[in-house]
Amino acid sequence: MEALLYLIPLAIGLGAVGLTAFFWTIRSGQYEDPKGDASRILHSEDKPIVDEDDL
Amino acid sequence: MAETISIKDAKFCPSGQTTAQDLARMSSEPALGADALTPYVQTKTGGEKSIDLMISGAHCSGCMAKIERETTALPGILLARMNLSTMRLNVQWRGDDGEAETIVAKLEQLGYGAKPFNMELEPLAQKKRVSFLLKAMAVAGFAMVNVMMLSVGVWDGGEMIASERKIMHWISAAIAIPAAAYAGQPFFRSAFAALKNKHTNMDVPISLAVILAISLSIYETIHNNQHVYFDAAMMLLFLLLIGRYLDNRLRLKTGEAAQRLAAMQASTASLISSDGTIMSVPAAMIKPDDHLMIAAGQRIPVDGEIIKGHSDIDTSIATGETLPLAAAPGDKLYSGMINLSAPLTMKALAVSGDSVLSEISKLVEVGEQKKSKFVRIADRAAQLYVPVVHSLAAMTFIGWLLLGSGDEVLRTASLNAIAVLIITCPCALGLAVPAVQVVASGRLFRKGVLIKSGDALERLAKADYIVFDKTGTLTLGSLQLSNMDEIAANTLETAAMLARASRHPVARAVAAAAGPGPAAENILEIAGQGVEAVIGGKTIKFGSASFVGAHNKASGTESWLRIGKAKPVCFMFKDTPRLDARTTIEDLKKRGLGVELLTGDKKEIASETAAGLGIDIWQAEISPQGKLARLDELKAQGHLTLMIGDGINDAPALASAYASASPSGAADVSRAAADIILQGNKLSGLITALSISKAAGRRVFENLSLAVIYNMIAVPLAVFGFVTPLIAALAMSGSSMLVTLNALRLSRR
């Protein structure tokens, strides 16, 4: 039973971390444009790290 | 003409989803000038300027990427971010307010329409409510799993001693009390507001059950008794919040669709001042008797009367007629119509606030209020449910008090009375209806049908008489060349060279049939007659029969092409019905539903369409008020009407019909008024919607029956004092699962 002394706080603590993260996602507006965000990842502005002309 | 060429040059949607409406908009609406944009530019604390633009014509992620990339590439732009869900682009830059004009011109060049968005229209309150419900749901879910984890330990903990159990209960209390206080707010507020107005709704028993379950559990925890109800209370909140969140999100989306109407209103006008100079002013600043210049292709900004010039006017937005009308001095113009062929001077009659468009918007509001009188099914149930349950609880209390004996009689009586309240809490009842609605709307969404209000399904299932609008609803709403086989390819190309420069629907149809190509030079367009040009030394005329010197052939829409002195060639046009219009109507008739056609279009065209589609009852040349009157007549005959329309002129009828639908190409005001929106160029979604709504109706009935059966078993147990928290939790989650699973059956077939 002693295990409960740290298991219960641990379980609740982990849940609380998840809850805080969820609140953060709401606050930072991550549900404002699900459609746009889903497609934004397909259009990355990344360029090759090494400029092709230098090769 | 330069405008026509710019359409060809504009890069369209990269995935090829550019629609006919987008093309029409691009050619008929000039980009907004600086005067119309600067009032909407906001200056931030750091001196950066910012503007929100409503974008039209964007369809896919490629459009979004293109818009963001090209806008950011303009000099001085700090940020351009587009929201693909709300179709709004936020641009920030450093410098002059006038830069907004450059941005809009760039977007126009890319092939997208941009109108400033008035930030006052933002539904901030609804957005806050939806976001709060999401947070409340998360909190309730968190509390539910943690409290349940602890209570499973208590139920199963054979070797658990009283002091350990006490610790478990106190931890549960520490989680559940703040969580219930936070997540229960939507219900507590609504219940309090209802009680203050001496009403009752579903939130009253919900709030009471949550508060009583928590209070009783605190009492039991303090007295170190075996049973607590924290888990039951949290589960109740969590399950109900899911339904509440989905419902509110659906309504927020509807509100945002209505906003687009405001952005659609013509927002600038070219004012002719007393000294003859022309300046561009916002339409809201126009006063009656002001003289305005309307260029060819421009939307009429306010209601007015023509004082100079002859032109063709596209009146389809106000009357539903496919063909433009010739307009001359003295004719009236209404805001939203489009001037097609020649510049006009007009005198403003009414200011923007009381123009036809605003009037129709008001009609929609009235219709919507009428609709909200349909008491929501759950609230209707609550009016029966609440008194029954509360008197049952009171009787349990009195019964146990009278029949019981011993020291604890008061406690036992209150415990059992509270158990009755908790077990009868309308969990299944509160979930039964929303669960079916959410599943049904999800299934319809995948089939291309958008359901806008929760009770629309209920009404759709009951509708027994279908009223159709013609132009844009049963038909595609644009003319198409119907006798292409009879016309030689080079003749068609010659006609297209003349047609490409014109905005007239007939010319559009010819240009579309011929495909891209060059336009003739020095084209003369005569309003209401046709176009004329000289190609290779020959005078070529394309227009009405009298214009080219031919004899009218048929009753339908036709145009003639005459090259020099050669024999004129006839071009026939038709507003073609949607591909599945006929089968849809046959299907509706097979289901025993009445079908009727009401259109603002001419008699001959209406009768031809009706005959072609197999509609026996039709009325033509009918005004928006006439449509309303006909719907009232049908209502008086005891019919429950389903109105399907797309134009601004249909909006009042859509709002006042028992149920309503719009194709997705409809005017915004109509889409805002309709209960369901049919996506794609298909009407068959209507059949799907009708059958799913019928199935949903059956599921709601089954779910309500399940809830009743559940109560018939659980309530006697509670009344006679057999309900332990384990039974309460099992019974409540069991019944909730049962109704949810039953609702999910809808998505399978």
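About the thresholds
Residues numbered from 1 in each chain as written. Chains lettered and ligands numbered in written order. Predicted model: local features only at pLDDT ≥ 70, side-chain atom pairs only at ≥ 80, totals over all residues. Heavy atoms only, no water. Helix = DSSP H or I, 4+ residues; strand = E, 2+ residues; numbered from the N terminus. Contact = heavy atoms within 4.5 Å. Areas by Shrake-Rupley, 256 points an atom, 1.4 Å probe, with all protein chains shown as cover. Buried area = accessible area lost by both parts, 1.4 Å probe. Salt bridge = Lys/Arg side-chain N within 4 Å of Asp/Glu carboxyl O. Polar contact = N/O pair within 3.5 Å; in protein donor to acceptor, adjacent residues only side chain to side chain. Nonpolar A, V, L, I, M, F, W, Y, C, P; charged D, E, K, R; others polar. Axes fitted to C-alpha atoms, helices over the stretch in contact; angles between N-to-C directions. Parallel < 35°, antiparallel > 145°, perpendicular 65-115°, else oblique. Phe/Tyr/Trp six-rings, centres within 6.5 Å; stacked < 30°, edge-to-face > 60°. Buried < 20%, exposed > 50% of the residue type's maximum accessible area, 1.4 Å probe, protein only. Expected span 1.5 Å × (residues − 1). Pairing = 2+ DSSP bridges.

### With respect to the overall build of chain B
Thought 1: Looking only at helices and strands, chain B has 27 helices and 27 strands in total.
Thought 2: Long-range contacts, defined as pairs at least 24 residues apart, comprise 67% of the intrachain contacts of chain B with a sequence gap of at least 6.
Thought 3: If you sum the accessible surface of chain B, you get close to 32,800 Å²; carbon and sulfur atoms cover 60% of it.

### A few points about the interface of chain A and chain B
Thought 1: Facing 21 residues of chain A, the contacting portion of chain B comprises 26 residues.
Thought 2: Of the roughly 2,000 Å² buried between chain A and chain B, counting both surfaces, carbon and sulfur atoms make up 69%.
Thought 3: There are three salt bridges connecting chain A and chain B.
Thought 4: Residue Lys-127 of chain B pairs with Glu-32 of chain A through a salt bridge whose shortest N-O separation is 3.9 Å.
Thought 5: For the pair chain A and chain B, the interface holds four residue pairs in polar contact (both at pLDDT 80 or more).
Thought 6: Listed by contribution, the elements that provide at least two residues to the side of chain A that touches chain B are helix 1 (3-27) and helix 2 (34-40) of chain A.
Thought 7: The element contributing the most residues to the side of chain A that touches chain B is helix 1 of chain A, with ten residues.
Thought 8: Residue composition of the side of chain A that touches chain B, grouped by class: twelve nonpolar, four polar and five charged.

### Examining the packing of helix 1 of chain A against helix 6 (residues 124-156) of chain B
Thought 1: The N-to-C vectors of helix 1 of chain A and helix 6 of chain B enclose an angle of 170°; their axes lie 11 Å apart at closest approach. Here helix 1 of chain A is positioned roughly antiparallel relative to helix 6 of chain B, judged by the angle of their axes. Across from Ile-8, Ala-11, Ile-12, Gly-15, Ala-16, Leu-19, Phe-22, Phe-23 and Ile-26 of chain A in helix 1 of chain A, the residues of helix 6 of chain B making contact are Ser-131, Leu-134, Lys-135, Ala-138, Val-139, Phe-142, Asn-146, Met-149 and Leu-150 of chain B.
Thought 2: Considered class by class, the residues forming the contact of helix 1 of chain A with helix 6 of chain B number 14 nonpolar, three polar and one charged.

### Observations regarding the packing of aromatic side chains
Residues and elements named next belong to chain B.
Thought 1: This structure, assessed with the given rule, holds four aromatic pairs over all chains.
Thought 2: Between the aromatic rings of Phe-132 and Tyr-182, the centroid separation amounts to 5.2 Å while the plane-to-plane angle is 55°, which identifies the pairing as tilted. Pair noted here: Phe-132 is in helix 6 and Tyr-182 is in helix 7 (residues 162-183), with a separation of 50 residues, a long-range link.
Thought 3: Residue classification places Tyr-182 among the partly exposed positions, given a relative accessible area of 24%.
Thought 4: An angle of 75° between the planes, with centres 5.3 Å apart, marks the rings of Phe-542 and Phe-571 as edge-to-face.

### Notes on the packing of helix 21 (residues 581-590) of chain B against helix 26 (residues 685-719) of chain B
In helix packing, the relevant descriptors are the interaxial angle and the interaxial distance, both defined with respect to the helix axes.
Residue and element names in this part refer to chain B.
Thought 1: At their nearest, the axes of helix 21 and helix 26 sit 9 Å apart, and the two run at 25° to each other. With respect to helix 26, the element helix 21 is oriented roughly parallel. Only Leu-686, Ile-687 and Leu-690 of helix 26 make contact with helix 21, whose side of the interface consists of Thr-584, Asp-587 and Leu-588.
Thought 2: Partitioned by chemical class, the residues of the contact of helix 21 with helix 26 number four nonpolar, one polar and one charged.

### Brief notes about helix 7 of chain B
Thought 1: Taking 1.5 Å per residue, 22 residues should reach 32 Å; helix 7 of chain B reaches 30 Å between its end C-alpha atoms and fits that length.
Thought 2: For helix 7 of chain B, every residue scored as buried is listed here: Arg-165, Met-168, His-169, Ser-172, Ala-173, Ile-175, Ala-176, Ala-179, Ala-180 and Ala-183 of chain B.

### Quick word on the sheet that holds strand 11 (residues 325-327) of chain B
All names here are of chain B.
Thought 1: Taken together, the three strands give an open sheet; going across it, the order is 11-10-13, and neighbouring strands pair in antiparallel fashion. Looking at which strands have only one partner, the edges of the open sheet turn out to be strand 11 and strand 13 (338-339).
Thought 2: Two elements, strand 10 (residues 311-314) and strand 11, share three bridges in a ladder whose sense is antiparallel. Paired with Ser-311 across the strands is Ala-327, a residue of strand 11.

### A closer look at the sheet that holds strand 19 (residues 530-535) of chain B
Residues and elements named next belong to chain B.
Thought 1: Strand order across the open sheet formed by six strands is 17-22-21-20-19-18, with antiparallel pairing between neighbours. The open sheet terminates on both sides in strands that have one partner only, identified here as strand 17 (475-481) and strand 18 (524-526). Across the sheet, the axes of successive neighbouring strands diverge by a mean angle of 15°, strand direction being ignored.
Thought 2: Examined bridge by bridge, strand 20 (residues 538-543) and strand 21 (residues 557-563) share four bridges and lie antiparallel to one another. Bridging from a neighbouring strand, Ile-540 pairs with Ile-563 of strand 21.

Remember, this is a structural readout, not a statement about activity or role.
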